[in-house]
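# Breakdown of the fold
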Amino acid sequence: MAATRAVQRARNAHRTRGDTAYVVYVCVLVAAIAGIPVVRAIVLALATPTAMSALSEAGTERSIAVLGALIWSIALVVGSARGPVAPPPFVAATLSRSDISPRAAWARDLLGSALGMALVLVAISALAVSGFLAHAVAVGASISFVIGTVLFAVATTAIWLAGQVLGRRGAVILGSALALLLVAAVVIPLDPPLLPASALANLWPSTDGATSTAGAALVVLAATALAAVWAIVILLDRMLPTTVEDHAQRWEAMTVLAATGDISGALDRTRARPTVGRRVRIPFSRPLILALLQRAAIGAARTPLRIVVALVALAAAGVGWGWIAELQAGPRWVPAIGAGLLTFAAIGAFSDGFREAADMAGRPALYGRTAWTMLLLHVPLPLLAGVVVPVAAAMLSGSTVETAAIVATIGVALVAVRAYDATKGPMPIELMMPVPTPAGDASAIGMWAWQADALLWTGVVSFWLSTSSTSGPATLLWAAPVVALLAALTAGRLRRASS
Amino acid sequence: MSPGRTALLTASEVTVTVDEQILLPITSLSLDAGQALAVRGPNGAGKTTLLRVLAGLMPATSGSVMLEGDPLHIRRGRHRAAVAAMIGPPPLARDLTLVEQLRFVRATWGDDAATGERAARMALEELEIANLEMRYPSELSSGQLQLFSLALTLARPCRVLLLDEPEQRLDAHRRGLVADALRRRLKDGCAIAFATHSTALVGAVGSDVLTVGETE
């Protein structure tokens, strides 16, 4: 292994001191200009008395339990597209075809991925409890929650790896178990903490102080983490050479595309391939809009895991919106943006038709309609999924009609954002030109803004809607010009791509 | 072409130049209904560029392309309906089987389900890939993918057919099937221009030859 690593190091260009200094400089600048103000704003918002009171309600614990179970389901799906073991293709080919055991070959890559994921989860959990810590309230419980998140991350790593290693049958069995866990997180009592997700929820601090079951919850999570480590060892040994090579090549292609600004092309590499339903007949009935709905729905059902996760995420977002609407005051925009991003991501599973229509632009005409018409004809499925599922979930969880109207509005707006995002194409070369400023090259700002524009739109739409619940349903009317603007921008992109 | 009659597709002294690089030297051609034209020339001569210009996907730097006497604007519904082309891989739906993709194409051109199904199966049988009808595109070899790309392009109705090296990755038998399919469309009155390196295909289709870089 040491010799292989030495060859790998020799093949890679060494980073000079200047390179390292530049990376540090960029990180410090980004943290100072963008990171610290955002983090400070979130901490201050969470530290308001109303926010702390809202976060201490029982509903928060239930949301954490559901979110925890959802993260596991997502980890399984992500693992099938990009597992935690995705070394450079050269390393993948060399080590996977050698006599080195998979466990020894891939332990380091797995550890790197696990640490990265744990860091993200810990950062989110630390931010979530920052309001309590700012007032020195429930400090012990807050620390326990962060420790619990670390243990939870270990188990998440095992599921992520399972998504990569397990075949179709194993993934279906584990996926079904995780779906049951998700249902359990919604319906069973959180106390005592029998399940890992409910154990994590049990550790959530409140203004009353630590819960009596915190110790038991930590024991459940520690036991889960130990079992996960054992599972990781077994899963690593079962890793096939073709699996590593496949993930390695896909990941490298994705990073190259992402580095050149072709995010949609990069994401296309992760999109699930159909697994079931080959013999389910698509009627292609008339009119054409019905034929496209049938085609989109049956096509989507052929990647069942992806669709189930998306439906669950949409339902969770709907319930989340109901909870957000009930918050009397405080920083409701924080969870609102989270729910918006979740909705946006989930609608993506139903938006292949938008990508298909966008792909027509600039190519010889194959279909009997223009790219714009095809894009419009593809609207019904994402619209049904993005509106009906969250609205039904919100209503079933006891939300008012006003809240349901907000949920429906955000669904419509985010479908428009999805269509706009699908037509993005590769990054314009002008954005990659240097923009000299006294603080250095500012071209990265334009590139980031271009790459994240759909997320920025989602954030703005969610933020705005989170204010609508207090100022009355009439404010929902603003969504009409926003959707019209997005439609005009989408049409413009298609027109440019066709010329 | 008989005097006084308008050709189906004409290109008059078209060129494409980008940053002083000549992608297509001055070229003229005219195509009548039922006529085939093989576009020949070495790699980099401008064959694909010529097809892109004829398909309305790339503007000519100079010269003009006319469809039945009108300047070609591929965004016009009438022109889109008239010109079919396979220049590079067509857009494929990863979640549809081959027969479904063909039925989908036919549905967008107005076919009802039964007519679309019939046309889809004929397109597969014509190139002897009916046995692959239940496969997804990701389950095809490169040669099968080439045949299916041709089947998709041939499945849509058209009056002008433009193909870029349709013989790519095909064995002699399959090249013969492609030639048969093109001959059938010529008989139905379709005008065909195809870039090729295959002398056998040119002979089998019975087409005129235009060598890019030489005037007509």
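Reading the values: rules and limits
- Residues numbered from 1 in each chain as written.
- Chains lettered and ligands numbered in written order.
- Predicted model: local features only at pLDDT ≥ 70, side-chain atom pairs only at ≥ 80, totals over all residues.
- Helix = DSSP H or I, 4+ residues; strand = E, 2+ residues; numbered from the N terminus.
- Rg over C-alpha atoms; globule rule 2.2 N^0.38 Å.
- Contact = placed C-beta atoms within 7 Å.
- Buried ≥ 20, exposed ≤ 12 C-beta atoms within 10 Å, placed from the backbone.
- Core = buried A, V, L, I, M, F, W, Y, C linked by C-beta atoms within 7 Å.
- Nonpolar A, V, L, I, M, F, W, Y, C, P; charged D, E, K, R; others polar.
- pLDDT = per-residue confidence, 0-100.
- Arc of directions from axis to C-beta.
- Pairing = 2+ DSSP bridges.
- Right-handed = clockwise from strand over helix to strand, strands pointing away.
- Axes fitted to C-alpha atoms, helices over the stretch in contact; angles between N-to-C directions.
- Parallel < 35°, antiparallel > 145°, perpendicular 65-115°, else oblique.
- Left-handed = near helix turned anticlockwise from the far one by under 90°.

### Remarks on the overall build of chain A
Secondary structure summary: chain A contains 23 helices and two strands in total. Its C-alpha atoms give chain A a radius of gyration of 24 Å, near enough to 23 Å, the size a compact globule of 499 residues would have. Intrachain contacts of chain A at a sequence separation of at least 6 include 79% that bridge at least 24 residues.

### Section: the overall build of chain B
Looking only at helices and strands, one finds seven helices and nine strands in chain B. Against the globule reference of 17 Å for 216 residues, chain B gives a C-alpha radius of gyration of 17 Å, in line with a compact fold. Seen through its principal axes, chain B has C-alpha atoms that stretch 45 × 35 × 35 Å. Among the 216 residues that make up chain B, the fraction classed as buried is 48%.

### Points about the nonpolar core
The biggest cluster of nonpolar side chains holds 211 residues, and the ones touching the most others in it are A151 and L162 of chain B. The element that contributes the greatest number of residues to this core is helix α15 (residues 304-326) of chain A, accounting for 14 residues.

### What to know about the interface of chain B and chain A
Contacts between the two partners involve 31 residues from chain B, matched on the other side by 27 residues from chain A. Counting residues per element, the ones that place at least two in the side of chain B that touches chain A are β6 (83-86), α3 (98-108) and α4 (113-126) of chain B. Considering each element in turn, the side of chain B that touches chain A owes the most residues, six residues, to α3 of chain B. Residue composition of the side of chain B that touches chain A, by class: 18 nonpolar, five polar and eight charged.

### Notes on the confidence of the model for chain B
Of all residues in chain B, 96% attain a pLDDT of 70 or more, and the chain-wide mean is 92. Model confidence for the complex is summarised by a pTM of 0.77, with the ipTM given as 0.92.

### What to know about α3 of chain B
With eleven of eleven residues buried, α3 of chain B is to be regarded as a mostly interior element. Inspection of α3 of chain B places L98, V99, E100, Q101, L102, R103, F104, V105, R106, A107 and T108 of chain B among the buried residues, and these make up the whole buried set. Check the buried side of α3 of chain B and you find it contacts α14 (288-301) of chain A together with α4 and α5 (142-155) of chain B. Directly beyond the C-terminal end of α3 of chain B, a positive phi value near 100 degrees is found at G110 of chain B.

### Some remarks on helix α5 (residues 89-96) of chain A
Buried within α5 of chain A we find A92, L95 and S96 of chain A. Considered in projection along α5 of chain A, the buried side chains sweep an arc of 90 degrees and stay on one side of the axis.

### Notes on the pairing of strand β8 (residues 191-195) of chain B
Residue and element names in this part refer to chain B. Across the five residues that make up β8, a large majority, five, are buried. Taking every second residue as pointing to the same face, both faces of β8 are buried, with A191, A193 and A195 on one and I192 and F194 on the other. Sheet topology places strand β3 (residues 36-40) next to β8; four bridges connect them, and they run parallel. Opposite A36, over in β8, you have I192 as the bridge partner. Assessed by its sense of winding, the connection that carries the chain from strand β7 (residues 160-164) through helix α6 (residues 172-187) to β8 is right-handed.

### A look at the sheet that holds strand β5 (residues 70-71) of chain B
Residues and elements named next belong to chain B. Overall, antiparallel pairing links the four strands, which are arranged β2-β1-β4-β5 in an open sheet. Two strands in the sheet have a free side with no partner beyond their single neighbour: β2 (21-31) and β5. Bridge count between strand β1 (residues 9-18) and strand β4 (residues 62-67): five bridges; the pairing is antiparallel. Counted as the bridge partner of T10 is M66 from β4. Strand contacts of helix α1 (residues 47-54): β1, β2 and β4, with the helix running at about 120 degrees to β1, the strand carrying the most contacts.

### A closer look at the sheet that holds β7 of chain B
All names here are of chain B. Reading across from one edge, β6-β7-β8-β3-β9 is the order of the five strands in this open sheet, with parallel pairing throughout. A single partner strand is all that each edge strand has here, and the edge strands are β6 and β9 (208-211). Across the sheet, the mean angle from the axis of one strand to that of its neighbour is 15 degrees, orientation sign disregarded. On the sheet, α1 packs against β3, β6, β7 and β8 and is oriented at approximately 150 degrees with respect to β8.

### As for the environment of L170 of chain B
Residue and element names in this part refer to chain B. With respect to the element layout, L170 can be found in the loop between β7 and α6. With 22 C-beta atoms packed within 10 Å, L170 lands in the buried category. It is 25 Å that separates the C-alpha atoms of L170 and D188, two residues lying 18 residues apart in sequence. Residues within four places of L170 in sequence aside, it is in contact with G143, Q146, R175 and V178.

### Side note on the environment of L37 of chain B
Residues and elements named next belong to chain B. Tracing the chain through its elements places L37 in strand β3. In sequence terms L37 and D70 are 33 residues apart; their C-alpha atoms lie 21 Å from each other. Setting aside residues no more than four positions away along its own chain, L37 makes contact with L29, L31, A193, S207, D208 and L210.

### What about unusual backbone geometry?
In this structure, P287 of chain A follows R286 of chain A across a cis peptide bond, with omega equal to 0 degrees. Residue position: P287 of chain A is located in the loop between α13 (263-268) and α14. With phi around 50 degrees, F284 of chain A is a residue other than glycine that occupies positive phi space. Considering the arrangement of structural elements, one finds F284 of chain A in the loop between α13 and α14. The backbone phi angle of E68 of chain B is positive, close to 50 degrees, even though this residue is not glycine.

### Notes on the environment of W321 of chain A
For W321 of chain A, the location among the structural elements is in helix α15. Between the alpha carbons of W321 of chain A and W160 of chain A there is a distance of 28 Å; along the sequence they are 161 residues apart.

### Some remarks on the packing of helix α19 (residues 380-396) of chain A against helix α20 (residues 401-422) of chain A
Residue and element names in this part refer to chain A. Running from amino to carboxyl end, α19 crosses α20 at an angle of 155 degrees, the nearest separation of the two axes being 8 Å. Between α19 and α20, the angle falls in the class roughly antiparallel. Regarding α19 and α20, the two cross each other, and that crossing is right-handed. From α19, P382, L383, G386, V387, P390, V391, A394 and M395 reach across to α20, where they touch T403, A404, V407, A408, G411, V412, L414, V415 and R418. Class assignment for the residues of the contact of α19 with α20 results in 13 nonpolar, three polar and one charged.

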